[in-house]
Amino acid sequence: MADAAVAGRLCGQRERAYKIAKKAVRMLGEPASTGESWDEPLFAAWFWVQRSRVAESVGRGDGWQELHTAQELVRGLPPSEMHAEVLSCVASWWMLHRPGPEAYAAAERAVQYARMVGADDDVELAARGTLAGLRIDSGDIDTGLAELRAVLADALRRERPHQIGRCYVNLPSHLEGLGRSAEAAALIEQGLKECDRYGLLFTATFIHANHAESLISLGRWDEALRSADAAAGLTGQAKPAGMAAHSRTVIALARGDLDTAVRQDALARSRVGSHGAMPQHALPLATARLSIAAAEGRVHDARAELRAAAETGFPPGTQRYAWPLLVAAATTESDARGLPGAEDGRADHIALIRHLAKNLVTFVPVCEAQAAWVRAELRRGEGQDTVEDWADTHQRFLPLERPWDLARVALRHAEALLAHSGTRPGPGRTQAAELLRSARATARRLGARPLADSIDLLARRARLSLNTRPAPTPRPDTPTDPAEALGLTRREREVLSLLVAGRTNRHIAEELFISPKTASVHVSHILAKLEVSSRGEAAAVAHRLRLVGGGSGGSGGEGAGGGEGGGEKVGVGRRRGWGFEVLGGGMPEACLYRAGRSEPYWPGLASSVLRGPPPPLPPLLPQPPHQRSPQPHPAQALSAPSPLPLTPPAAQVPESPHAPKQGRSVPCRGRRRRRRPGSVQGASSPLRCGAVRERRVAR
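Residues numbered from 1 in each chain as written. Predicted model: local features only at pLDDT ≥ 70, side-chain atom pairs only at ≥ 80, totals over all residues. Heavy atoms only, no water.

Visitor: Which parts of the structure should I look at to understand the overall build of the protein chain?
Guide: If you tally the helices and strands in the protein chain, you get 31 helices and four strands. Once local pairs closer than 6 in sequence are excluded, the contacts in the protein chain between residues at least 24 apart make up 62%. As presented, the protein chain carries roughly 34800 Å² of accessible surface, and 53% of it is formed by carbon and sulfur atoms. (Helix = DSSP H or I, 4+ residues; strand = E, 2+ residues; numbered from the N terminus. Contact = heavy atoms within 4.5 Å. Areas by Shrake-Rupley, 256 points an atom, 1.4 Å probe, with all protein chains shown as cover.)

Printed below as a string of structure tokens:
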């Protein structure tokens, strides 16, 4: 039964191992039921230790009660190998659940007992590994890492599978906590090969879960999701599945998928949160829940999550999990400044964050960078942050292997630079543009949509161009940009694109973060520069000259697509002579084109934009029948739309008694105006003049 219990624990059959150990204890006889002492106290203590090792992984408590029973069984007995094993397990339990001086003292006693009694290799290596991990957490990093690597080397040399797997779980985890994520990921890949060699399926699930954490820090999120799937799917055990669900929660939050984040967080809590209160699980889960509440706008719920975590405290060695929690809390308060309903209790909560941060240690660069981030966010929440605060934080994150955190800090740094320099050109705006370009590239590579949207929003408000593609060198025969020839500014192009989309001044103002009055002024300037009198005519000019949709405008990023065609769809074919052209939406475009030419002709307007001065106007009379284009064959009409005749036969258009007679005024809305001889209505606008001429020709 002892061999079966060990085999079940190592191969991942933890439920069966627990039942075997429980049955063995029952067969040995429990003093609580018999009222007598144990006949085999050392043997019974060994089975209680086995029950403790698998109890938490199968959801049977945290394992402390079983360890306490084993301690009572060996108390008062002569020193033995069982004493060393019980002390080693007690030290490991303290390190995971209640790290601190008690855990360190228990680990030292376990190592002394193991060396004194000549304990088995597994017992000695386990005690040494626990003591090395506690040294790392206490700040003696170099000594602890050297000892842990020595334990791994001894385990590999002696071929102790359980200790090999344990070292490949703990050593990368400590490296990740020190901010050495790339080194941790490389070591994990070696550990997975050793697990395959020895068949350590259950240990491999923890290694995959740690791998996902390191890959998230390195910005390799798609690989992290695959590692999380492997951690959850190998054995289906509760704790690795919960760790994998937490990794999915972190990525879903960063990518703006709140529904997935909520589902995965609930799964993580159901698989991990109810089976003990390890700080290495409880604090990351609290960070995720706080971030979800902040993303949903529930500021008070986010504050409640921090208060609940603060009640249990941050034991020594848990700073790697506590600092991200404080960063999330400080960011929430920074973003909530000025929000309705968020001011109640805000000062007390900021004071609580400062108090918690003051008591956390920062003996590694990643913790120092996170501490600077917390300070800067709190000052931003109070409206007192400076460029120096964010420059210091950004400088601390630069050498670290954390592109996601670096991109978020770069956004804050750029925001502070723009707030300081305003709209004045200078090195501040140039540096801010470079920071935003780098942060946006990282956000797009990671698929972090909320961060990318925040970067684009800041760029639009500051009127910064983040387009990194070099402008093409124009050829000598290439015509100039129509928008530049017409004198349209970059902001006026943005307004024109929204005007073409049918937006009102109020909608334009909301889209571009300007006031409605400013939007109205921009529209007036556009109408004047295009020499039109209405928004519809301005839209027609924009379509014909490709002033929008061609990729030349925009301030927050690259142009919005468009090639040579500019997205136009012609609904009616061209006809030789003069005529209208109808867009795909069915709106007649106030544009005339010359007979036999495909490019449009604008009387007076486009002579400086298109290819030189326009040719002379043709006679304002219909073409003779022998000069008209022949009617297309019926088979050709199926492949291309047939051009509409400008002067339909009288038989096709019956004369209406209400039709206007030649020389009479044209009915229109409002007052009826009679034209003076020789005058043309709307002659001040070349477009309207062309439209009137076309209507007279049609009669």
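Let us keep going from here.
Visitor: How do you make sense of the nonpolar core when you look at a structure like this?
Guide: Judged by nonpolar contacts, the single largest core of 99 residues is most densely connected at Leu326 and Val374. With 30 residues, the next largest nonpolar core counts Val25, Ala44, Ala45 and Ala91 among its residues. (Core = buried A, V, L, I, M, F, W, Y, C linked by side-chain atoms within 4.5 Å. Buried < 20%, exposed > 50% of the residue type's maximum accessible area, 1.4 Å probe, protein only.)

Visitor: Looking at this structure, how should I read the pattern of salt bridges?
Guide: A side chain of one charge can pair with a side chain of the opposite charge when the charged atoms of the two come close. Considering all chains together, one arrives at 39 salt bridges under this definition. Among the salt bridges present, the one from Arg220 reaches Glu223, with a minimum N-O distance of 2.9 Å. Of the residues examined, Arg220 reaches a relative accessible area of 30% and is grouped as partly exposed. When its relative accessible area of 30% is taken as the criterion, Glu223 is described as partly exposed. Its salt-bridge partner being Asp405, residue Arg408 comes within 2.7 Å of it at the nearest N-O pair. (Salt bridge = Lys/Arg side-chain N within 4 Å of Asp/Glu carboxyl O.)

Visitor: Would you mind going over the packing of helix H6 (residues 81-97) against helix H7 (residues 101-117) with me for this structure?
Guide: Axes are the key here: two packed helices are described by the angle between their axes and the distance separating the axes. At a minimum axis distance of 8 Å, the contact between H6 and H7 shows a crossing angle of 155 degrees. Considering their axes alone, H6 and H7 lie roughly antiparallel with respect to each other. Like other packed secondary-structure pairs, H6 and H7 cross with a definite hand, here left-handed. Residues Glu81, His83, Ala84, Leu87, Ser88, Ala91, Trp94 and Met95 of H6 pack against Glu102, Ala103, Ala106, Ala107, Arg109, Ala110, Tyr113, Ala114 and Val117 of H7. Its residues placed into classes, the contact of H6 with H7 shows 12 nonpolar, two polar and three charged. (Axes fitted to C-alpha atoms, helices over the stretch in contact; angles between N-to-C directions. Parallel < 35°, antiparallel > 145°, perpendicular 65-115°, else oblique. Left-handed = near helix turned anticlockwise from the far one by under 90°. Nonpolar A, V, L, I, M, F, W, Y, C, P; charged D, E, K, R; others polar.)

Visitor: Got a minute to help me understand helix H22 (residues 403-421) in this structure?
Guide: Each α-helix winds once per 3.6 residues, and so residues spaced three or four apart point in a common direction. Its 19 residues place the ends of H22 26 Å apart at the C-alpha level, agreeing with the 27 Å of an ideal helix rising 1.5 Å per residue. Most of H22 is tucked away: 14 of the 19 residues are buried. Backbone geometry just after H22 places Gly422 at a positive phi near 70 degrees. (Expected span 1.5 Å × (residues − 1).)

Visitor: What is the right way to read the packing of aromatic side chains from this model?
Guide: The relation between two aromatic rings is expressed through the spacing of the ring centres and the mutual angle of the planes. Tallied over the entire structure, the rule returns eight aromatic pairs. The interplanar angle of 65 degrees and the centroid separation of 5.2 Å between the aromatic rings of Phe43 and Phe47 together place this pair among those described as edge-to-face. Here Phe47 and Phe43 lie together in helix H4 (residues 41-55), a separation of four residues that amounts to about one turn. Ring centres of Trp373 and Phe397 lie 5.5 Å apart, and the angle between their planes is 90 degrees; this geometry places the pair in the edge-to-face category. A residue pair is termed long-range when its members are at least 10 positions apart, and Trp373 in helix H20 (residues 365-381) and Phe397 in helix H21 (residues 387-397) qualify at 24 residues. An aromatic cluster of three or more residues is present, and its members are Phe43, Trp46 and Phe47. (Phe/Tyr/Trp six-rings, centres within 6.5 Å; stacked < 30°, edge-to-face > 60°.)

Visitor: Mind showing me how you'd approach unusual backbone geometry here?
Guide: A negative phi angle is the norm for most residues apart from glycine, just as the trans form is the norm for most peptide bonds. Despite not being glycine, Arg463 shows a phi value in the positive range, around 60 degrees. By the element assignment, Arg463 lies in the loop between helix H24 (449-462) and helix H25 (482-486). A positive phi is found at Glu531, a non-glycine position, where the angle reads about 60 degrees.

Visitor: Before we go on, may I ask you to explain helix H10 (residues 161-177) in this structure?
Guide: In this model H10 runs 25 Å from its N-terminal to its C-terminal C-alpha over 17 residues, within 8% of the 24 Å that 1.5 Å per residue would give. Where burial is concerned, most of H10 is hidden: 14 out of the 17 residues are buried. Phi turns positive one or two residues past the end of H10, at Gly179, with a value near 85 degrees.

Visitor: Quick question: what am I supposed to make of the confidence of the model for the protein chain here?
Guide: Should pLDDT be low for a region, the predicted coordinates there are not to be read in detail. For the protein chain, per-residue confidence averages 78 on the pLDDT scale, and 73% of positions sit at 70 or higher. Within the model, the stretch residues 470-474 combines pLDDT values under 50 with zero contacts to residues more than four positions away or in other chains. A low-confidence stretch, residues 550-699 (pLDDT under 50), is modelled with 185 contacts involving residues beyond four sequence positions or located in other chains. (pLDDT = per-residue confidence, 0-100.)

Visitor: Please explain the side chain of Arg248 as it appears in this structure.
Guide: Tracing the sequence through the fold places Arg248 in helix H14 (residues 238-254). Within the structure, the side chain of Arg248 is placed 3.2 Å from the side chain of Gln264, a separation counted as a polar contact. Setting aside residues no more than four positions away along its own chain, Arg248 makes contact with Leu225, Ala228, Asp229, Ala232 and Gln264. (Polar contact = N/O pair within 3.5 Å; in protein donor to acceptor, adjacent residues only side chain to side chain.)

Visitor: Can you help me understand the environment of Ser497 in this one?
Guide: Here Ser497 lies in helix H26 (residues 490-500). Spatially, the C-alpha atom of Ser497 lies 8.1 Å from that of Leu547, the residues being 50 residues apart in sequence.

Visitor: Got a minute to help me understand the side chain of His83 in this structure?
Guide: Looking at the element boundaries, His83 is found in helix H6. Among the polar contacts made by the side chain of His83, one reaches the main-chain carbonyl oxygen of Val74 at a distance of 2.8 Å. In this view, His83 contacts Val74, Leu77, Pro78 and Tyr113; residues no more than four positions away in its chain are not counted.

Visitor: Could you clarify how one ought to interpret the packing of helix H13 (residues 221-233) against H14 in this entry?
Guide: Contact geometry for H13 and H14: axes closest at 8 Å, N-to-C directions at 155 degrees. Classed by the angle they form, the pair H13 and H14 counts as roughly antiparallel. You can see that H13 and H14 cross each other, and the crossing is left-handed. Contacts between H13 and H14 involve Trp221, Ala224, Leu225, Ala228, Asp229, Ala231 and Ala232 from the first element and Pro240, Ala241, Ala244, Ser247, Arg248, Ile251 and Ala254 from the second.

Visitor: Even after reading the chapter, I still don't get the environment of His68, so can you show me in this structure?
Guide: Its place among the elements puts His68 in helix H5 (residues 64-74). Considering only alpha carbons, one finds His68 and Val49, 19 residues apart in sequence, at a separation of 9.4 Å.

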